[in-house]
Structure formats: structure tokens, C-alpha cells
Amino acid sequence: MTTLTQDDKKRAVARKAIDFVPDNALIGVGTGSTVNFFIDELARIKGRIDGCVSSSDASTARLKAHGIPVFELTNIGELPVYIDGADEINHSLHMIKGGGGALTREKIVAASAQEFICIADEAKYVAKLGTFPVAVEVIPMARSLVARELVHLGGHPEWRQGFVTDNGNLILDVHNLEILKPVEMETAINQIPGVVCCGIFARQHAHVLLLGTDSGVKEIR
């Protein structure tokens, strides 16, 4: 069996994701290294779609560089599909996202789509979430308060210094969280005053996972 590189697997799932893109529609586009490959593939069929709603300034810039129109979600109704990557994804298609800091906008666009397609290489497929730190977007004045509350939940928060989200907020990366019940942990973090959004995507999980492996792309539902 041929051993593929991680980038080979990312390219493969990016190409496969094109099968889920409907003609003459606006689609939601996420953020990250795997999504960058998807945007490049999307550019090949850009005449088939009306444009995109993007989850970050970085993805917006890449889409526009390919000549793909980008629209504001506030002016759009429901999207047929949202395509994004993951930092971790489990067998229930719950995810940890936010390594790139775009988690809040990603969650908003995902919630606006009829179908959420996750594209990832097999290194991201895990039995239990939590090895990858959970990003938490916080309002600046609440950073210390939120950090203390995250410690009470069993985590070890670390301020992502020098980083500001597209929304003008800060990120706390929470290490060593025991995420046995992802929906409950997501809810608990999001209820802390000052938290804008956390990077556990369990309530709004993926509908389909396209997983890049050495033996090809696996479709998991």
C-alpha cells in the first residue's frame, strides 16, 4: 500500500468534497490548511456556484484571490452546505476546532447550513476528544475570570498571546480537559460569562466526515 503524506490526504478529501457542492448555490467555507486545499479545488468549478460565505478573513482573501465572490451571511438565508476541517473529530462526528482562531464564525456559518461536511486526514480521527487543546474565544476584560472558571472545569488554560480573533477578542487554549461528554462540556464552557464561543462542536456536529487515509477517502456518517 502506498503511504501518502498528510498533504496528499488533505488534497484527496478536498477533491472529494467538490461532490457535495450543489450547482448555482452559495456555500459555506471554513478555515484552515485542509480548507485551503478545498478552496483551490473550488476555484476549478467556480463557474458552477454563485459564491461563498466565509468563516474568516483568511479564507475570504483566498477565495477572492481565486475570483470567487464572497457574501456576508447576514444578507443570506440558509446555506445548503458548509465545508470545513477539524483539529480532532470522534466517531460521533463531534469535533474540536479553533486551532486557527476562527471558531466563532465557523460555528455561526455551520449553524446556518443544512449539511455540515467535515474534511480531515486520519490523524484527526480520535476515540476521545481532548488531546488537542480546546480554543475558547473570550471578551478581553473577562480573560482572567474565564481562565479561573476553566480551571474549575479541570482544564489548564493558556492565553494565546499576540493573537486577536477577527472579532477583536482573545483566545484561551485549554489543555488537559477530560471531555467524556462533549455536549455537556461545550454547554458548560459557553455558559461562563465572557465566553463568546468554545471550540467544541458537539451540539452542532458534522453530518458527514470525509476522512483521508492511505487507502483513499472514507465517507463516514
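The structure this text deals with has already been given above.
Right, let's walk through the structure included here. (Residues numbered from 1 in each chain as written. Predicted model: local features only at pLDDT ≥ 70, side-chain atom pairs only at ≥ 80, totals over all residues. Heavy atoms only, no water.)

Re the overall build of the chain
- When helices and strands are tallied, the chain shows six helices and 13 strands.
- For 221 residues, the compact-globule estimate of 2.2 N^0.38 gives 17 Å, and the C-alpha radius of gyration of the chain, at 17 Å, lies within 12% of that figure.
- Overall, the C-alpha framework of the chain stretches about 50 × 45 × 30 Å when taken along its three principal axes.
- The buried share of the chain, reckoned over its 221 residues, is 52%.
- Within the chain, residue pairs in contact and separated by at least 24 positions form 72% of the contacts whose partners lie at least 6 positions apart.
- Looking at the chain as shown, the accessible area adds up to about 10,000 Å², and 49% of this sits on carbon and sulfur atoms.
- For the chain, the distance from the average site of its 22 positive side-chain charges to the average site of its 27 negative ones is 1 Å. (Helix = DSSP H or I, 4+ residues; strand = E, 2+ residues; numbered from the N terminus. Rg over C-alpha atoms; globule rule 2.2 N^0.38 Å. Buried < 20%, exposed > 50% of the residue type's maximum accessible area, 1.4 Å probe, protein only. Contact = heavy atoms within 4.5 Å. Areas by Shrake-Rupley, 256 points an atom, 1.4 Å probe, with all protein chains shown as cover. Lys, Arg positive; Asp, Glu negative; His and termini not counted. Charge placed at Lys NZ, Arg CZ, Asp CG, Glu CD.)

Thoughts on helix H1 (residues 6-17)
- When the terminal C-alpha atoms of H1 are compared, their 17 Å separation across twelve residues agrees well with the 16 Å that a helix rising 1.5 Å per residue should span.
- Buried residues of H1: Lys9, Lys10, Ala12, Val13, Ala14 and Ala17, and no others.
- In this structure, the buried side of H1 is in contact with helix H2 (33-44), strand E3 (79-84), strand E6 (113-121), strand E12 (208-213) and strand E13 (216-220). (Expected span 1.5 Å × (residues − 1).)

Examining the pattern of salt bridges
- Under the counting rule described, the total for this entry stands at 16 salt bridges.
- Residue Asp214 is joined to Lys9 by a salt bridge in which the shortest nitrogen-to-oxygen separation is 3.5 Å. Pair noted here: Asp214 is in the loop between E12 and E13 and Lys9 is in helix H1, with a separation of 205 residues, a long-range link.
- Classification of Asp214 as partly exposed rests on a relative accessible area of 25%.
- For Lys9, a relative accessible area of 10% puts it in the buried group.
- For Arg48, the salt bridge goes to Asp23, with nearest N and O atoms at 2.6 Å. Of this pair, Arg48 sits in the loop between H2 and strand E2 (51-54) while Asp23 sits in the loop between H1 and strand E1 (26-29); the two residues are 25 residues apart in sequence, bridging distant segments of the chain.
- With a relative accessible area of 31%, Arg48 lands in the partly exposed category.
- Residue Asp23 is classed as partly exposed on the basis of its relative accessible area, which comes to 47%. (Salt bridge = Lys/Arg side-chain N within 4 Å of Asp/Glu carboxyl O.)

Structural notes on the layout of surface pockets
- Its boundaries defined by the atoms lining it, the largest pocket holds a volume of some 250 Å³.
- Where the lining of the largest pocket is concerned, the elements lending two or more residues are E2, helix H3 (57-65) and helix H4 (103-111).
- Of the residues belonging to the lining of the largest pocket, the class tally is six nonpolar, three polar and four charged.
- Taken together, 16 residues form the lining of the second largest pocket, with Thr31, Gly32, Ser33, Ala86 and Asp87 sitting closest to its centre.
- Element by element, the count of residues in the lining of the second largest pocket is highest for H2, at three residues.
- Classifying every residue of the lining of the second largest pocket by side-chain character gives three nonpolar, nine polar and four charged. (1 Å grid on protein atoms, 1.4 Å probe; cavity = no way out; pocket = protein on both sides within 12 Å on 5 of 7 lines; lining within 4 Å. Points joined across faces, edges and corners; volume = space filled by probe spheres on them. Nonpolar A, V, L, I, M, F, W, Y, C, P; charged D, E, K, R; others polar.)

Some words on the packing of aromatic side chains
- Counted under the stated rule, the structure contains one aromatic pair.
- Positioned over the ring face of Trp159 is Arg143, at 3.8 Å from the centre of the ring. (Phe/Tyr/Trp six-rings, centres within 6.5 Å; stacked < 30°, edge-to-face > 60°. Lys NZ or Arg CZ within 6 Å of the ring centre and 35° of its normal.)

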